[in-house]
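Observations on the model geometry
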Protein chains: 2
Amino acid sequence: MNYTQSELSNLINQEIKSLKYSDSPYGLYAPIEYVLSLGGKRIRPLMMLLAYNLYKDDVKTIIPQALALEVYHNFTLLHDDLMDKAEVRRGNPCVHKKWDDNTAILSGDAMLILAYRLMTENRTVDQVEYHPSTINPQYLNEALVTFNSATLGVCDGQQFDIEFETRMDVTEAEYMEMIRLKTSLLLACALKIGAQLAGAPTADANHLYNIGEKIGLAFQLQDDLLDVYGDFETFGKKPGGDILCNKKTFLLINALNLVNPEQKKQLTEWINKENFVAEEKINAVRELYNEIKVREICERRINELFAEAQEELQAVAVEEQKKSELRALFTKLMRRKF
Amino acid sequence: MNYTQSELSNLINQEIKSLKYSDSPYGLYAPIEYVLSLGGKRIRPLMMLLAYNLYKDDVKTIIPQALALEVYHNFTLLHDDLMDKAEVRRGNPCVHKKWDDNTAILSGDAMLILAYRLMTENRTVDQVEYHPSTINPQYLNEALVTFNSATLGVCDGQQFDIEFETRMDVTEAEYMEMIRLKTSLLLACALKIGAQLAGAPTADANHLYNIGEKIGLAFQLQDDLLDVYGDFETFGKKPGGDILCNKKTFLLINALNLVNPEQKKQLTEWINKENFVAEEKINAVRELYNEIKVREICERRINELFAEAQEELQAVAVEEQKKSELRALFTKLMRRKF
């Protein structure tokens, strides 16, 4: 049977709620429960289950692996927020604000380990009942290779992201590689692992990986656009943040390449200005982006990536009808309002 | 054939040197190479190889798993040093001093992932050549359960260690449980995984685990003693550090229980004093420890633990002659000079 997105989303949220942690030391596990209770779209486990469901019906078998991705993703948010000295995540104080820096470091480490535990062991996170996974060990080992490569790649991406902050010569290619590592890899890995755990043909698993990469890139480019053209409701946070901190987004990198001398002078002034009214800088840079039409360039790129993802999905060797839920999810992800 | 300790140590050091990292991003991998180049006794991989060698000769097969423990151990040192705001590790500046806090966080995360990669994948850390491990998947999955339980337990131990800093009522039982988690688990896991990867009988694997727990506890109690009675050369760092920061060691906890009212007054004064000459506090507390004979209590406990470990080794169902290298290692570990 084919599950619907909402059936799977409900299943995932219910399973996340029923994750059991050790009671002791409470100071280590309370922040983990807190972070996982803040919600989120749970896109990564959803993608894994949908990919698995292309081939097999017993999606519950791989719930631990699906949760592993969500726990891993939230670990990256926790440590990234600490490194960025962010205040708020999903409308709530970050762990290092609610507790302290050391708690954020150690609870994050424990989450990364929990993610590996879920990826490699059976069912419950109740420590007493841990035992080896019952998934076909060959499938599980292949999935682990995919997972390891994604988890390490996300660190690479975060490192590049940090290094780009102090560079003004980041190229579009470098930027695309950074967001591929930081955002796409985990989506690609979610889809590929879903296929691998179902014993899908390698060609299919690779197509699904490619889809994840492209959807991830498109999603991040949308985020870049939303920061400039979105509003609080559609974006989920206050827009303009990227502009205020001169983040080298797809838009800024392209703008720096396409400006005429007069525009370049204006843009550089805004970038170097230390004292300014936030709204004025946001409006001025947005106005420049409009003049150079970087929004259109970015939207074209998003549409190309989405079309390429659709083609890759076409190439997956299962009946079209089985793909409808995945296709619907991708379309939904690509249709965020501006 | 039975390898000697020094043959295996040479092999381990050579393999650590030949670990290959991605060239890019350099800022992420340079600190990892740095940390692993600082040396150390490489006790954990050595124990794993010696345990494996009780049953099988092809110790090179499990080199990646042995290195995984060393990489994991160094990850914990890296993050612990950051949390403790330590300055120096093995005579060299800590990563967060040589680079910065964010580098220590992210490089540590990457090391934890590399440890899992080595535990679950084949041979090289050259990303291009990763592929699933060729070790019997059943053995590997059992070893993973052991590894996961140790890696998470070490986080628990670190959390307790942090919490104990601000508590004056830590009991001896709580302290022993903390050092079991923080120090013993990884030694126990090293020996058990060595046995598991060789397909040893479960009873043997469990005996080896128990040995690691006891040796780890004894080793940490020795460390507590060395801080008070050792010198720079035998201890590897300046003694007295535990006394200066009122660390609740086996000695202090026992002293607090055994003091008479007059001694209690003196000890409490030293603990609460904010301004003091380091040498004076160290000498005064050492003098109190001598009066109460906590050194003897601690040494008795170490000897008991060591004897229990020897008994457990006796119970391992392989010829005595095969155990000689392991036995020699334990004896060496227990004979650190004061």
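This one's a predicted model, so the numbers in the text were calculated from it and none came from an experiment.

Overview of the overall build of chain A
Tallying secondary structure elements over chain A gives 16 helices and 2 strands in all. Expected size for 338 residues packed as a compact globule is a radius of gyration near 20 Å; at 21 Å, chain A falls within 12% of this value. Dimensions of chain A, computed from the C-alpha atoms along their principal axes, are close to 65 × 50 × 30 Å. Relative to its 338 residues, chain A shows a buried fraction of 58%. Of the contacts formed within chain A by residues at least 6 apart in sequence, a portion of 73% connects residues at least 24 apart. As presented, chain A carries roughly 14,100 Å² of accessible surface, and 49% of it is formed by carbon and sulfur atoms. Of the side chains in chain A, 39 bear a positive and 50 a negative charge, and the two mean positions are spaced by 3 Å.

A word on the interface of chain A and chain B
If you look at the interface, chain A gives 41 residues, while chain B gives 41 residues. For the pair chain A and chain B, the summed buried surface comes to about 3,900 Å²; carbon and sulfur atoms form 69% of the total. Here chain A is connected to chain B by 10 residue pairs in polar contact (both at pLDDT 80 or more). At the level of elements, helix H2 (26-37), helix H4 (63-84), helix H6 (101-120) and helix H7 (137-165) of chain A are the ones that each hand at least two residues to the side of chain A that touches chain B.

Remarks on the pattern of salt bridges
All names here are of chain A. A complete count under the given rule lists 34 salt bridges over all chains for this structure. Between Arg89 and Asp81 there is a salt bridge, and its shortest N-O distance comes to 2.8 Å. A relative accessible area of 6% places Asp81 in the buried class. Ionic pairing is found between Lys182 and Asp161, a salt bridge with its closest N-O pair at 2.6 Å. Here Lys182 is found in helix H8 (residues 172-197), whereas its partner Asp161 is found in helix H7, with 21 residues between them in sequence. Relative accessible area serves as the criterion here: at 11%, Asp161 is assigned to the buried category.

Considerations on the packing of aromatic side chains
The geometry of an aromatic ring pair comes down to the distance between the two centres and the angle between the two planes. All names here are of chain A. Inspection of every chain in the model, using the stated rule, returns 13 aromatic pairs over all chains. Measuring from ring centre to ring centre gives 4.9 Å for Tyr116 and Phe147, while their planes differ by 65 degrees; the resulting arrangement is edge-to-face. Residue Tyr116 is found in helix H6, and its partner Phe147 is found in helix H7; the two are separated by 31 residues along the sequence. Per residue, the accessibility class of Tyr116 equals that of Phe147, and both read buried. Between the aromatic rings of Phe160 and Phe164, the centroid separation amounts to 6.1 Å while the plane-to-plane angle is 35 degrees, which identifies the pairing as tilted.

Regarding the relation of the copies chain A and chain B
With an RMSD of 0.0 Å, the fit of chain A onto chain B corresponds to turning through 180 degrees and sliding 0.0 Å along the axis. This pairing of chains is accounted for by a two-fold axis. Rotation axis and chain A: the residue whose C-alpha lies nearest the axis is A:Pro137, separated from it by 3.0 Å.

Section: the nonpolar core
Within the largest apolar cluster, 241 residues are counted, with the highest numbers of intra-cluster contacts made by A:Met47, A:Tyr289 and B:Met47. Other than its neighbours up to four places away in sequence, B:Met47 contacts B:Leu187, B:Ala190, B:Leu191, B:Ile215, B:Leu329, B:Phe330 and B:Leu333.

Remarks on the packing of helix H4 (residues 63-84) of chain B against helix H8 (residues 172-197) of chain B
Residues and elements named next belong to chain B. The interhelical angle for the contact between H4 and H8, taken along N-to-C directions, is 165 degrees, at an axis separation of 10 Å. Viewed along their axes, H4 and H8 adopt a mutual orientation that is roughly antiparallel. Where H4 crosses over H8, the two elements pack in a sense that is right-handed. Contacts between H4 and H8 pair Gln65, Leu69, Tyr72, His73 and Asp80 from the former with Lys182, Leu186, Cys189, Ala190 and Leu197 from the latter.

Structural notes on the state of the cysteines
Residues and elements named next belong to chain A. Under the definition given, this model contains 0 disulfides over all chains. A disulfide-free cysteine, Cys245 has its sulfur positioned 15 Å from the sulfur of Cys94, the nearest such atom. Among the residues examined, Cys245 registers a relative accessible area of 53% and is labelled exposed.

As for the side chain of B:Thr146
Residue and element names in this part refer to chain B. Following the sequence through the fold, Thr146 ends up in helix H7 (residues 137-165). Since its relative accessible area comes to 8%, Thr146 is described here as buried. At a separation of 2.6 Å, a polar atom in the side chain of Thr146 contacts the side chain of Gln196. Ignoring sequence-local partners within four residues, the contact set of Thr146 consists of Cys189, Lys192, Ile193 and Gln196.

A look at helix H15 (residues 294-315) of chain B
Residues and elements named next belong to chain B. An ideal rise of 1.5 Å per residue puts 32 Å on 22 residues; H15 measures up with 32 Å between its terminal C-alpha atoms. Buried within H15 we find Val294, Cys298, Ile302, Leu305, Phe306, Ala309, Gln310, Glu312 and Leu313. For H15, the angular spread of buried residues about the axis comes to 160 degrees, placing them on one side. In H15, the exposed positions that point more than 90 degrees away from the buried face belong to Arg300, Asn303 and Glu311.

Describing unusual backbone geometry
All names here are of chain A. Of note in the backbone geometry, Asn246 takes a positive phi value of approximately 55 degrees without being a glycine. Relative to the elements of secondary structure, Asn246 occurs in the loop between helix H11 (241-244) and helix H12 (250-258). Asn246 sits in the buried class, given a relative accessible area of 17%.

Brief notes about the environment of B:Ile32
Residue and element names in this part refer to chain B. Relative to the elements of secondary structure, Ile32 occurs in helix H2 (residues 26-37). When the C-alpha atoms of Ile32 and Asn74 are compared, they prove to be 8.9 Å apart, with 42 residues separating the residues in sequence. Residues contacting Ile32, with those up to four places away along its chain left out, are Tyr21, Ser107, Ala110, Met111 and Leu114.

What counts as what
Residues numbered from 1 in each chain as written. Chains lettered and ligands numbered in written order. Predicted model: local features only at pLDDT ≥ 70, side-chain atom pairs only at ≥ 80, totals over all residues. Heavy atoms only, no water. Helix = DSSP H or I, 4+ residues; strand = E, 2+ residues; numbered from the N terminus. Rg over C-alpha atoms; globule rule 2.2 N^0.38 Å. Buried < 20%, exposed > 50% of the residue type's maximum accessible area, 1.4 Å probe, protein only. Contact = heavy atoms within 4.5 Å. Areas by Shrake-Rupley, 256 points an atom, 1.4 Å probe, with all protein chains shown as cover. Lys, Arg positive; Asp, Glu negative; His and termini not counted. Charge placed at Lys NZ, Arg CZ, Asp CG, Glu CD. Buried area = accessible area lost by both parts, 1.4 Å probe. Polar contact = N/O pair within 3.5 Å; in protein donor to acceptor, adjacent residues only side chain to side chain. Salt bridge = Lys/Arg side-chain N within 4 Å of Asp/Glu carboxyl O. Phe/Tyr/Trp six-rings, centres within 6.5 Å; stacked < 30°, edge-to-face > 60°. Least-squares fit on C-alpha atoms with pLDDT ≥ 70 in both. Core = buried A, V, L, I, M, F, W, Y, C linked by side-chain atoms within 4.5 Å. Axes fitted to C-alpha atoms, helices over the stretch in contact; angles between N-to-C directions. Parallel < 35°, antiparallel > 145°, perpendicular 65-115°, else oblique. Left-handed = near helix turned anticlockwise from the far one by under 90°. Disulfide = S-S within 2.5 Å. Expected span 1.5 Å × (residues − 1). Arc of directions from axis to C-beta.

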